[in-house]
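Residue-level structure breakdown
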Amino acid sequence: FSVALHPSGLYVLVGFSDKLRLMNILIDDIQPFKEFTIRGCRECQFSNGGHLFAAVHGNVIQLYATYTFENVGNLKGHNGKVRGIVWSQDDSKIISCGVDGAVYEWSVYTSKREHESVLKTCSYTCAAVFPRRFHDICCGLR
């Protein structure tokens with residue numbers, strides 16, 4: 001369902017139909033070492049610094065600390081499935097988009113929505129952030 005590579009290249013997050021698994025990447029093997037009860041995770045993403053990761057469970061984005069495995073926040077607000085998430089350059093914000101036509105900007109520190117743009121006639125599938133943080137882009141079908 002989903003795959004995200006840690007910035008260090010030593011870990012990989014893999015979303016399966018039953019669980020989300022955090023795995024060690026070894027020289028000739030990949031070993032699972034932590035499982036999260038997130039069924040059917042279709043989108044996951046490590047922060048740029050690698051200290052956090054976001055995992056989508058339906059219309060909720062769950063934030064976890066990579067090294068303590070603590071759930072540090074839940075971003076709730078989408079009415080439909082979330083299809084795209086991306087971290088800002090400084091890891092302080094997450095941009096999410098979904099099939100409900102909503103694009104949200106979230107604060108990672110407060111787990112609150114800061115900005116939104118909703119176009120109900122569009123079903124968004126992916127999000128991107130420019131490095132200088134002047135613009136966010138989401139694309140989808142109308």
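First, a word on what this report is: a plain description of the structure on this page. On a predicted model such as this, the values are computed, not experimentally measured, just so you know. (Residues numbered from 1 in each chain as written. Predicted model: local features only at pLDDT ≥ 70, side-chain atom pairs only at ≥ 80, totals over all residues. Heavy atoms only, no water.)

With respect to the packing of aromatic side chains
Pairs of aromatic rings are described using the distance from one ring centre to the other and the angle between the two planes. Selection criterion: Each Phe, Tyr or Trp ring, with Trp reduced to its six-membered ring, pairs with another whose centre is within 6.5 Å; inter-plane angles below 30 degrees give stacked pairs, above 60 give edge-to-face pairs, and intermediate values give tilted ones. Helix and strand definitions here come from DSSP, where helices need a minimum of 4 consecutive H or I residues and strands a minimum of 2 consecutive E residues; each element is numbered from the N-terminal end. Only protein chains enter the accessibility calculation, which uses a 1.4 Å probe; a residue whose area is less than 20% of its type maximum is buried, one above 50% is exposed, and one in between is partly exposed. Only when the NZ of Lys or the CZ of Arg is both within 6 Å of the ring centre and within 35 degrees of the ring normal is a charge said to sit over the ring.
Under the counting rule described, the total for this entry stands at 8 aromatic pairs. Aromatic side chains Tyr 11 and Phe 33 sit 5.9 Å apart centroid to centroid with 50° between the ring planes, which places their arrangement in the tilted category. Remark: Phe 33 occurs in strand S4 (residues 30-36) and Tyr 11 occurs in strand S2 (residues 11-15); sequence separation between them is 22 residues. Its relative accessible area of 37% is what places Phe 33 among the partly exposed residues. Centroid distance Phe 46 to Phe 53: 5.8 Å. Interplanar angle 65°. Geometry classified as edge-to-face. In this pair, the class of Phe 46 matches that of Phe 53, namely buried. Here the aromatic residues Tyr 11, Phe 33, Phe 36, Phe 46, Phe 53, Tyr 64 and Phe 69 are joined through ring pairs into a cluster of three or more. Between the NZ or CZ atom of Lys 34 and the centre of the ring of Phe 36, over which it lies, the distance is 5.9 Å. Sitting above the plane of the Tyr 104 ring, Arg 113 keeps its charged end 4.3 Å from the centroid.

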